[in-house]
Amino acid sequence: MLSFDVRFTEAADMAGVCEIVNHYIRTAPFHFRTEPQAPCEWVDDWERTHARYPWLVAVQDKAILGVAYGSTWNSRAAYDWCAEVTVYVAHDAARQGVGRALYDRLLAEMDGQGYRTQIAVIALPNDPSVALHEAFGFDHAGTLREVGYKAGTWLDVGLWQRSVGSAGIAPLPIA
């Protein structure tokens, strides 16, 4: 197992985040972008959303090993207590506890803020991501068949959902 810290992101972390995600954009179907991103795109997304949704990185020395963050599931007001969650781990740090540590902290932060539901969108097949989400209480909510086309093949997208709290209680504003 690796030794690392999990902390809230800073703008300076986005170059490392970009490098991790671009690896998957270039080499795997897990990210539906087909062209690599620039760090400034990540900075823009982070600046726009991190005040409402937690963004976390796993760091070893000064190297970014992974990122996990929440984002808008749907912009309509009735969805305010629902968020999409995402995690990416550097390919050379996979299966060493980084994703679990990031999600452990991310989901605790979101629960504390008052989010009731988190949704994960997983390109299929992706057994490691499915296992990670199910270990954190996400249930398969459905599959969208052949909705993405990348690397010469049609890909399915699975939706996983995690809900906390009582459905019978009116929610408080997100903290």
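What you see is a predicted model; the values in this text were computed from it and never measured. (Residues numbered from 1 in each chain as written. Predicted model: local features only at pLDDT ≥ 70, side-chain atom pairs only at ≥ 80, totals over all residues. Heavy atoms only, no water.)

Caption draft 1: Up close: the overall build of the protein chain. The helix and strand inventory of the protein chain stands at four helices and seven strands. The secondary structure elements of the protein chain, listed N-terminal to C-terminal, are β-α-α-β-β-β-α-β-α-β-β. The C-alpha atoms of the protein chain give a radius of gyration of 16 Å, which matches the 16 Å a tight globule of 175 residues would have. For the C-alpha atoms alone, the extent of the protein chain along its principal axes is close to 45 × 40 × 30 Å. Counting only residues that meet the buried cut, the protein chain has 44% of its 175 residues in that class. Long-range pairs, those at least 24 residues apart, make up 66% of the contacts in the protein chain with a sequence separation of at least 6. (Helix = DSSP H or I, 4+ residues; strand = E, 2+ residues; numbered from the N terminus. Rg over C-alpha atoms; globule rule 2.2 N^0.38 Å. Buried < 20%, exposed > 50% of the residue type's maximum accessible area, 1.4 Å probe, protein only. Contact = heavy atoms within 4.5 Å.)

Caption draft 2: Fine view of the side chain of His-133. Mapping His-133 onto the fold places it in helix α4 (residues 127–135). Owing to a relative accessible area of 3%, His-133 belongs among the buried residues under this scheme. Apart from residues lying up to four places away in sequence, His-133 is in contact with Val-87, Tyr-103, Ala-120, Ile-122 and Phe-138.

Caption draft 3: Focus on the pairing of strand β4 (residues 82–89). Most of β4 sits inside the fold, with seven of its eight residues counted as buried. Note that β4 and strand β5 (residues 117–124) share three bridges and pair parallel. Following the sheet pairing, Glu-84 is matched in β5 by Ile-119. Handedness of the β4-helix α3 (residues 98–113)-β5 crossover: right-handed. (Pairing = 2+ DSSP bridges. Right-handed = clockwise from strand over helix to strand, strands pointing away.)

Caption draft 4: Region of interest: a nonpolar patch on the surface. A cluster of nonpolar residues, Phe-32, Leu-144 and Val-147, forms a patch on the protein surface that exposes about 250 Å² of accessible area. Assignment of secondary structure puts Leu-144 in strand β6 (residues 139–150). Judged by its relative accessible area of 42%, Leu-144 is partly exposed. (Patch = residues over 30% accessible without salt bridge, like charges linked within 9 Å, V, L, I, M, F, W, Y side chains within 5 Å. Areas by Shrake-Rupley, 256 points an atom, 1.4 Å probe, with all protein chains shown as cover. Salt bridge = Lys/Arg side-chain N within 4 Å of Asp/Glu carboxyl O.)

Caption draft 5: Looking closely at the nonpolar core. If you look at the biggest cluster of nonpolar residues, it comprises 46 residues, and the most contacted ones within it are Val-17, Trp-42, Val-98, Tyr-103 and Phe-138. Of all the elements in the fold, those that place two or more residues in this core are α1 (14–27), α2 (39–49), β2 (55–60), β3 (63–72), β4, α3, β5 and α4. In terms of residue count, α1 provides more of this core than any other element does, seven residues in total. If near-sequence neighbours (up to four positions away) are discounted, Trp-42 is found in contact with Met-14, Val-17, Cys-18, Val-21, Gln-37, Trp-55 and Tyr-69. (Core = buried A, V, L, I, M, F, W, Y, C linked by side-chain atoms within 4.5 Å.)

Caption draft 6: Representation of unusual backbone geometry within the structure. For the bond running from Leu-124 to Pro-125, omega is 0°, close enough to zero to count as cis. Along the chain, the position of Pro-125 falls in the loop between β5 and α4. Non-glycine residue Ala-151 carries a positive phi angle of around 55°. According to the relative accessible area criterion, Ala-151 is exposed, its value standing at 77%.

Caption draft 7: A look at the packing of aromatic side chains. Applying the stated criterion to the full structure yields nine aromatic pairs. Between Trp-42 and Trp-55, the aromatic rings sit 6.1 Å apart at their centres with planes inclined by 85°, giving edge-to-face as the arrangement. In this pair, Trp-42 sits in helix α2 while Trp-55 sits in strand β2, placing the two residues 13 residues apart along the sequence. Comparing Trp-42 with Trp-55, the two get one shared label, buried. With a centroid separation of 4.2 Å and 15° between ring planes, the pair formed by Trp-55 and Tyr-69 is classed as stacked. Taken as a pair, Trp-55 in strand β2 and Tyr-69 in strand β3 lie far apart in primary sequence, 14 residues in all. Its relative accessible area of 11% is what places Tyr-69 among the buried residues. Site record: aromatic cluster; members linked through ring pairs are Tyr-24, Phe-30 and Tyr-88. A cation over an aromatic ring shows up here: Arg-105 above the ring of Phe-8, its NZ or CZ 4.9 Å from the ring centre. (Phe/Tyr/Trp six-rings, centres within 6.5 Å; stacked < 30°, edge-to-face > 60°. Lys NZ or Arg CZ within 6 Å of the ring centre and 35° of its normal.)

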